[in-house]
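Here is how the chains run, residue by residue.
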Amino acid sequence: MDKDARLVVWVRGRVQQVGFRWFTRANALEIGGLVGFALNLDDGRVQIVAEGPRENCHRLLDWLRSDDTPGRVDGVTEIWDTPRGGYDGFAIR
């Protein structure tokens, strides 16, 4: 279960202009071992890409689905894949 994974997540709800990307980055850094980014999309969603140990990706996904996020999350959609690399840290875009 320690195999590295790529997690792509789209979060919908009231997730822009509430610090959602900043808190996502902070949680990814706290979990540790994750690289990627959080990005506001034009349609109001936030996209998150995280690569690292699969267990750590699951921890981030669990947080995104929890009641501890800023704003209001109405839905979370995720896709799992193999890591592509090319990230230096966890960025807010």
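Numbers given for residues are sequential positions, taken from 1 along each chain in its written order. The model is predicted, so local features are restricted to residues of pLDDT at least 70 and side-chain atom pairs to those at 80 or more, both for listing and for counting; the totals for chains, interfaces and linings are taken over all residues. Water and hydrogen atoms play no part in the side-chain values, which are based on all heavy atoms of the structure.

Caption draft 1: Expanded view of the pairing of strand β3 (residues 46-53). Relative accessibility under 20% of the residue-type maximum defines a buried residue, over 50% an exposed one, and the middle range a partly exposed one, all with a 1.4 Å probe and only protein chains included. By the criteria applied, helices consist of DSSP H or I runs no shorter than four residues and strands consist of E runs no shorter than two, each listed in order from the N terminus. β3 sits mainly inside the fold: seven of its eight residues count as buried. A strand pair is defined by DSSP finding two or more bridges across the two strands. Sheet analysis places strand β1 (residues 4-14) next to β3, joined by eight bridges and oriented antiparallel. Across the sheet, the residue bridging to A5 is G52, located in β3. Two strands pair when backbone bridges link them, and strand β2 (residues 35-40) and β3 are joined in this way by six bridges, in the antiparallel orientation. Residue pairing for β3: L39 is matched across the bridge by Q47. From the end of β2 to the start of β3, which pair antiparallel, there are five residues, and G44 there has a positive phi angle of about 95 degrees.

Caption draft 2: Local environment of the pattern of salt bridges. Salt bridge, as used here: a side-chain nitrogen of Lys or Arg that lies within 4 Å of a carboxyl oxygen of Asp or Glu. A full pass over the atoms with the stated rule returns five salt bridges. Where R72 meets D74, a salt bridge forms, and the shortest distance between an N and an O atom there is 2.8 Å. For D74, a relative accessible area of 47% puts it in the partly exposed group. Across the pair D81 and R84 runs a salt bridge, and its minimum N-O distance is 3.4 Å. D81 gets classed as partly exposed once you look at its relative accessible area, which sits at 34%.

Caption draft 3: Geometry of helix α2 (residues 54-64). Considered for burial, the residues of α2 that qualify are N56, C57, L60, L61, W63 and L64. One side of α2 holds all its buried residues, which, seen down the axis, span an arc of 160 degrees. Tucked inside the fold, the buried residues of α2 contact β1, α1 (20-31), β3 and β4 (72-81). Picture the helix axis, draw a direction to every C-beta atom, and the arc is the one those directions span. Residues are treated as being in contact if the distance between any of their heavy atoms lies within 4.5 Å.

Caption draft 4: Inspection of α1 at higher detail. Between its first and last C-alpha, α1 extends 16 Å over 12 residues, near the 16 Å set by a 1.5 Å rise per residue. Residues of α1 that are buried make contact with β1, β2, β3, α2, β4 and β5 (90-92). Immediately beyond the C-terminal end of α1, within one or two residues, lies G32, with a positive phi of roughly 85 degrees. Given a helix with a known number of residues, its expected span is that number minus one, times 1.5 Å.

Take it as geometry only, folks, not as evidence of what the structure does.
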